Structure formats: C-alpha cells, structure tokens
Amino acid sequence: MTAKKYVNAIVGKIQCGADKKQEIRKQLTAEVNAGLRKGESMDEIVRRMGPAKEIAAGYNENMDEQDKKRYRRHRIFAVIIPTVIIVASMAYYMIFQVPRRGDIENSKYFDKAEVENAVMEVVELLDAEDYEGLKAISVDEMGEVLNAETMDDAKEGISKDWGKRKQFGKVYTGELVKGGSHYAVGEMAVTYENISVTYTFSYNQDMELAGLYMK
C-alpha cells in the first residue's frame, strides 16, 4: 500500500465536509511522510497508526454535529445530481430516439404498470417518512442517505411547509440505457396543500430505487 492509498482510504470513510476532509488529509499525509523520512516502511506505519477503518471511526466519533450535517447534505446531493443527469439524458433520448409517446410498453426489461406502481409506492413512503421501508426497496447507495435529517433538508430546499398531500398526477415513464445498463425512469407531479412537487425516480433492472429528484 502506498502513502496516498492509505490516506485516501482513511479520508474516504470520514463523515465531514470537504474543507474539513482536506485539513485532515494534510495532517495524515504529513504524519505518514514523517514516518517515511525516518525510515519506516508503509507496513510499519500502518501497524503504528492503525487500520484505515479504525482511524476514520475515531475521527467520526469526535466530529462535531455541524461537520456531520455538511457530510450528510453532500451525500444526498451525490445521489441526486447524477439522477438529474440521467433524467436530462432520458429527455433527449425520448424526444429524438424513440416514439413520442415516451412510455416503456415495448421494453424487454420493464413493465410499465410495475414502474407506475413503484413510483406511487415511493411517494407514499416519502410522505409517511418511512425511511426503513424506502431503504428496503433501494440500492445500497440510496439507503445511506434515505433518513429523516437528509430528506428534511432536501424538502426544505423546495418549501418549508408542503402541507398534506391532496392529489397524485399522471405517471410518465421511460427507459434509459446508460453505460450498457437499463434503467426505468418514472416522473409524477404531486399536489400538496401549499405546493406542487415533481418527483423523478430511476430504477435498476431489479426495480430497486437507484435515484431520486424532487423539484
């Protein structure tokens, strides 16, 4: 293991904002380089400092709540932003590459009714704040950010007071091929007492929730 890989392995597991991570990275790099200058091998340095997982756990245990909040906010946007890219790609794909009806009735991988039902289910789980239920139907990466705090932050970014759900809109579906993988995408506008929210969800071939976007 090189010094760079060792430091990256630690920093990658630390739950804080980018600025704090950069500060910790510099400290760890300086400590490892100091050991190398003294003639220690990387194996000796790792034995002395400890496994990456244990060091990161120590940092996380002592991290203040503000830094943890920045980390959680970063994690949810790390999931949402790629989804925005997928949705934009789907819009181009549906307009220029497939019939204008924009559904997936001819898909070899997805059933339109199943996708529509999946979209309704996710909205109902979000509204019920049933994050354990959401994690059960999501890919692992989504499970990491589907919790009350991160989702409350995301919702407040749209409106602080949504009110109760009043009406579901029509579900629009499409199929996207990205990097050789097939995804189903479902979009639906939902009316609440004080706001209308458009949800876009993407699903892998196992119909696990792979991405979400709200606007």
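Residues numbered from 1 in each chain as written. Predicted model: local features only at pLDDT ≥ 70, side-chain atom pairs only at ≥ 80, totals over all residues. Heavy atoms only, no water.

Chemist: Honestly, the pairing of strand β1 (residues 165-178) in this entry has me stumped. Any pointers?
Modeler: Every regular strand shows the same layout, with side chains that alternate between the two sheet faces. In this sheet, strand β2 (residues 181-192) lies alongside β1 in antiparallel orientation, the contact comprising 11 bridges. Directly across from E175, in β2, lies its bridge partner A184. (Pairing = 2+ DSSP bridges. Helix = DSSP H or I, 4+ residues; strand = E, 2+ residues; numbered from the N terminus.)

Chemist: I would appreciate a short explanation of the pattern of salt bridges in the present structure.
Modeler: Throughout the structure, instances matching the rule amount to five salt bridges. Between R48 and E31 there is a salt bridge, with its nearest N and O atoms 3.8 Å apart. Of this pair, R48 sits in helix α3 (residues 42-49) while E31 is found in helix α2 (residues 18-37), placing the two residues 17 residues apart along the sequence. On the basis of relative accessibility, which here comes to 43%, the residue R48 falls in the partly exposed class. Taken together, the shared-partner salt bridges connect E31, E40 and R48 into one network. (Salt bridge = Lys/Arg side-chain N within 4 Å of Asp/Glu carboxyl O. Buried < 20%, exposed > 50% of the residue type's maximum accessible area, 1.4 Å probe, protein only.)

Chemist: Before we go on, may I ask you to explain the pairing of strand β3 (residues 196-203) in this structure?
Modeler: With seven of eight residues buried, β3 lies mostly within the body of the structure. As paired strands, β2 and β3 are joined by eight bridges and run antiparallel to one another. Considered in β3, the bridge of V190 is made with V197. Between the antiparallel neighbours β2 and β3 lie three residues.

Chemist: What is the right way to read helix α4 (residues 52-62) from this model?
Modeler: Quick reminder: α-helices carry 3.6 residues per turn. Residues three or four places apart thus point the same way. Residues of α4 that are buried include every one of A52, I55, A56 and N60, and no others. Across the axial projection of α4, the buried residues extend over an arc of 135°, all falling on one side. Of the exposed residues in α4, the ones pointing more than 90 degrees away from its buried face are E54, E61 and N62. (Arc of directions from axis to C-beta.)

Chemist: For this particular structure, what's the right way to read the side chain of N204?
Modeler: Checked against the element boundaries, N204 lands in the loop between β3 and β4 (209-214). Here the side chain of N204 touches E208 through a polar contact of 2.9 Å, side chain to side chain. Other than its neighbours up to four places away in sequence, N204 contacts F110, V139, H182, Y183 and A210. (Polar contact = N/O pair within 3.5 Å; in protein donor to acceptor, adjacent residues only side chain to side chain. Contact = heavy atoms within 4.5 Å.)

Chemist: What exactly am I supposed to notice about the nonpolar core here?
Modeler: Across soluble globular proteins, nonpolar side chains show a tendency to be buried alongside one another. Of all hydrophobic cores here, the largest spans 31 residues; its most connected members are Y192, Y199, F201, Y203 and M214. Among the elements of the structure, α6 (112-127), α7 (131-136), α9 (148-156), β2, β3 and β4 are those that each provide at least two residues to this core. Here this core gets seven residues from one element, more than from any other, and that element is α6. In this structure, M214 is in contact with M151, A154, K155, I158, W162, V197, T198 and Y199, ignoring residues within four places of it in sequence. One finds Y6, I14, I24 and I45 within the second-largest nonpolar core, a separate group that totals 16 residues. (Core = buried A, V, L, I, M, F, W, Y, C linked by side-chain atoms within 4.5 Å.)

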